[in-house]
Amino acid sequence: MVTQEQRAIEAAANAAAAAPTVDVAWEALAGVPDPEVPAISIVELGIVRDVSYANGRLLVTVTPTYSGCPATELIAALIRERLAAVGFNDVDLATKLSPPWTTDWIAPEGKRKLAAFGIAPPHVIGPRVDVAGISPLRRVGVVVPCPRCGSQQTTLLSQFGSTACKAQYRCDACREPFDYFKPH
């Protein structure tokens, strides 16, 4: 005779054995494009900080590119949709704002994809200086190469591009405008 307790233990064991792994979740999330820059995934962008199991549920921790990012809710919906498609029915999303997201978290492959998409990827401008209110784009000597022709001769047109995290540049060689993903 099998007791209710034994059935419950067996059911829990079967559920645990059938649950997809964290690696499956990471793989699924690597296919979720950023809504504002669809050439790069949310994993390559570095906003997916952690994926783990907590209390039998999948926990996905994300850090938006900035706290007012208008795509945050859409990204959460895309995460839930993609994970449900691969078998994760119990998913918790946690938003972690500290430490704040930085362009340093963009994967090298993500930076290559940005350039191929026509967006100049962020680059390190040397030692970081924490000066509130001063944009790194105002510092003398910042060279933003054109993602189309590679020219170093570019001109800042506007500190604000197609989204708040980008600036608008124009190449002086090929004359094409392009976005630059601002480092921060």
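Predicted model, so just to flag it, every value in this text is computed and none were measured.

**Student:** Please explain unusual backbone geometry as it appears in this structure.
**Tutor:** Leave glycine aside and you will find that most residues have negative phi; peptide bonds, for their part, are mostly trans. Going from serine 98 to proline 99, the amide bond is cis rather than trans, its omega being 0°. Relative to the helices and strands, proline 99 resides in the loop between strand S3 (91-95) and helix H4 (108-117). Backbone geometry at asparagine 55 places phi at a positive 55°, although glycine is not the residue there. Classification of asparagine 55 as exposed rests on a relative accessible area of 81%. Even without glycine at this site, arginine 175 takes up a positive phi of about 70°.

**Student:** Mind showing me how you'd approach the environment of asparagine 89 here?
**Tutor:** Considering the arrangement of structural elements, one finds asparagine 89 in the loop between helix H3 (72-85) and S3. Residue classification places asparagine 89 among the exposed positions, given a relative accessible area of 65%. Separated by 70 residues in sequence, asparagine 89 and alanine 19 have C-alpha atoms that sit 9.4 Å apart.

**Student:** I would appreciate a short explanation of the sheet that holds strand S6 (residues 166-171) in the present structure.
**Tutor:** The strands that make up a sheet pair up through hydrogen bonds in the backbone, lying either parallel or antiparallel. Pairing is mixed in the open sheet, where four strands are placed in the order S4-S7-S6-S5. At either margin of the open sheet sits one strand with a lone partner, and together these are strand S4 (119-120) and strand S5 (154-158).

**Student:** How should helix H2 (residues 22-29) be read in this particular structure?
**Tutor:** Structurally, the α-helix is built with 3.6 residues per turn, so residues lying three or four positions apart point the same way. Buried within H2 are the following residues: Ala25, Ala28 and Leu29. Down the axis of H2, the sector holding all buried residues measures 95°, keeping them to one side. Seen from the buried face of H2, the exposed residues on the opposite side, beyond 90 degrees, are Asp23 and Glu27.

**Student:** Looking at this model, I keep getting lost on the sheet that holds strand S2 (residues 57-62). Mind explaining?
**Tutor:** One open sheet accounts for three strands, arranged S1-S2-S3; its pairing is mixed. Two strands bound the open sheet, and with one partner strand each, they are strand S1 (48-54) and S3. Strand-to-strand, the axes of this sheet are offset by a mean angle of 20°, without reference to chain direction. Bridge count for S1 against S2 is six bridges, and the pairing is antiparallel. Across the sheet, residue valine 51 finds its bridge partner in S2, namely valine 60. Sheet strands touched by H2: S1 and S2. Its angle to S1, the strand with the most contacts, is close to 150°. Taken strand by strand, H3 contacts S2 and S3, and its axis lies near 155° from that of S3.

How each quantity is defined
- Residues numbered from 1 in each chain as written.
- Predicted model: local features only at pLDDT ≥ 70, side-chain atom pairs only at ≥ 80, totals over all residues.
- Heavy atoms only, no water.
- Helix = DSSP H or I, 4+ residues; strand = E, 2+ residues; numbered from the N terminus.
- Buried < 20%, exposed > 50% of the residue type's maximum accessible area, 1.4 Å probe, protein only.
- Pairing = 2+ DSSP bridges.
- Arc of directions from axis to C-beta.
- Axes fitted to C-alpha atoms, helices over the stretch in contact; angles between N-to-C directions.
- Contact = heavy atoms within 4.5 Å.

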